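Okay, here's what each chain looks like letter by letter:
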Amino acid sequence: SPDCSFTCHYRCRALVRLDCRGPPGTAGDDDGTEELEQDTNVDEPSEWEKTELDQAQVEQRIKEYNSQINSNLFMSLVRDHRGVGGGRGAQPWSHSPPTGVSQNKDGTYTGFIKVQLKLVRPVSVPATKRVPSLRPGPRAQGVKRRTSFYLPKGTVKHLHIFSHTRASEVIDALLRKFTVIDNPRKFALFERSEKDEQVYLRKLGDDEQPLRLRLLAGPSEKVLSFVLKENETGEVNWDAFTLPELHNFLRILQREEEEHLRQLRHRYARCRQKMQEAL
């Protein structure tokens, strides 16, 4: 779109419905509504990480949590750990919660977390382009390719996980849900909270347990929510990207530079016009 700079695959254009309002050049104007986020150190444990609960406290917290939500995204104790996903070695997510709500020996429980995807850079998904051929053969089976595109802003995904599911496993699950083939190390799961009109972000360690944090914080999204973002570790490890991805980044940077220059020229032209009208 020329107004909002939305980018999508050419085959998907007919499926996209956008409401691009405002004249060109205003998309990048600062309207003062952008949230200010403050990053905190991943090594500094949050108040939730310092809390230890015994079996009875876990059961009480689950009851309190379920009584505060207005949906069916309940938390529940697992009747038999081996009966849900087959144990720790199995996939820690599913589409529906277990029906049993009874105590388990190791205190395992399940529930839902909501993750907002706030990715600035494009992601890669597999694509297959068939090569025209008059007769069947190896070439007619198609050439494996990858397609890069931007995930829509504000994309949200619910995951049903175990209490022992780690943050790194949540990232893997999200990438599989969207068939993203990028290296999972390029992404990080963040804990987001609002306090005193300030937004705080903390990057979760790979072994932290998001559902446990959700239970301790309660259902309020302002107190705690989860965000998937790029794993910014200082210097960008460009060697982790493939050659097609690097070429895509160069093209995207060039487009962003051209758009930024266009917006600057538009602002200066508008200021010049106002000064001339004042003269």
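Residues numbered from 1 in each chain as written. Predicted model: local features only at pLDDT ≥ 70, side-chain atom pairs only at ≥ 80, totals over all residues. Heavy atoms only, no water.

Re unusual backbone geometry
- If you check the backbone angles, Thr179 has positive phi at about 50° while not being a glycine.
- Locating Thr179 in the fold gives a position in the loop between helix 2 (167–177) and strand 8 (187–195).
- Judged by its relative accessible area of 45%, Thr179 falls in the partly exposed class. (Helix = DSSP H or I, 4+ residues; strand = E, 2+ residues; numbered from the N terminus. Buried < 20%, exposed > 50% of the residue type's maximum accessible area, 1.4 Å probe, protein only.)

Some thoughts on a nonpolar patch on the surface
- Among the surface-exposed residues, Leu261, Leu264 and Tyr268 lie close enough to one another that they form a single nonpolar patch of about 280 Å² accessible area.
- In this structure, Leu264 sits in helix 4 (residues 243–278). (Patch = residues over 30% accessible without salt bridge, like charges linked within 9 Å, V, L, I, M, F, W, Y side chains within 5 Å. Areas by Shrake-Rupley, 256 points an atom, 1.4 Å probe, with all protein chains shown as cover. Salt bridge = Lys/Arg side-chain N within 4 Å of Asp/Glu carboxyl O.)

A short note on empty space enclosed by the protein
- Scanning all chains against the criterion turns up two cavities of 30 Å³ or more.
- Of the voids in this model, the largest cavity is the one considered here, and its volume is about 120 Å³.
- Along its surface, the largest cavity is lined by 13 residues, and Arg121, Pro122, Asp182, Phe241 and Phe249 are the ones closest to its centre.
- Looking at the lining of the largest cavity, the elements with two or more residues in it are strand 5 (123–129) and helix 4.
- By residue number, the principal contributor to the lining of the largest cavity is helix 4, which donates three residues.
- Here the residues of the lining of the largest cavity sort into five nonpolar, three polar and five charged.
- Two domains each donate at least three residues to the lining of the largest cavity, and these are domain 1 (39–76 + 107–124 + 146–235) and domain 2 (238–277).
- Counted as a void, the second largest cavity has a volume near 40 Å³.
- Around the second largest cavity, the lining residues are Leu117, Leu119, Leu151, Leu174, Leu175, Phe178, Val180 and Leu228.
- For the lining of the second largest cavity, the per-class residue count stands at eight nonpolar, no polar and no charged. (1 Å grid on protein atoms, 1.4 Å probe; cavity = no way out; pocket = protein on both sides within 12 Å on 5 of 7 lines; lining within 4 Å. Points joined across faces, edges and corners; volume = space filled by probe spheres on them. Nonpolar A, V, L, I, M, F, W, Y, C, P; charged D, E, K, R; others polar. Domains from an automatic or database assignment.)

These figures capture arrangement, not role.
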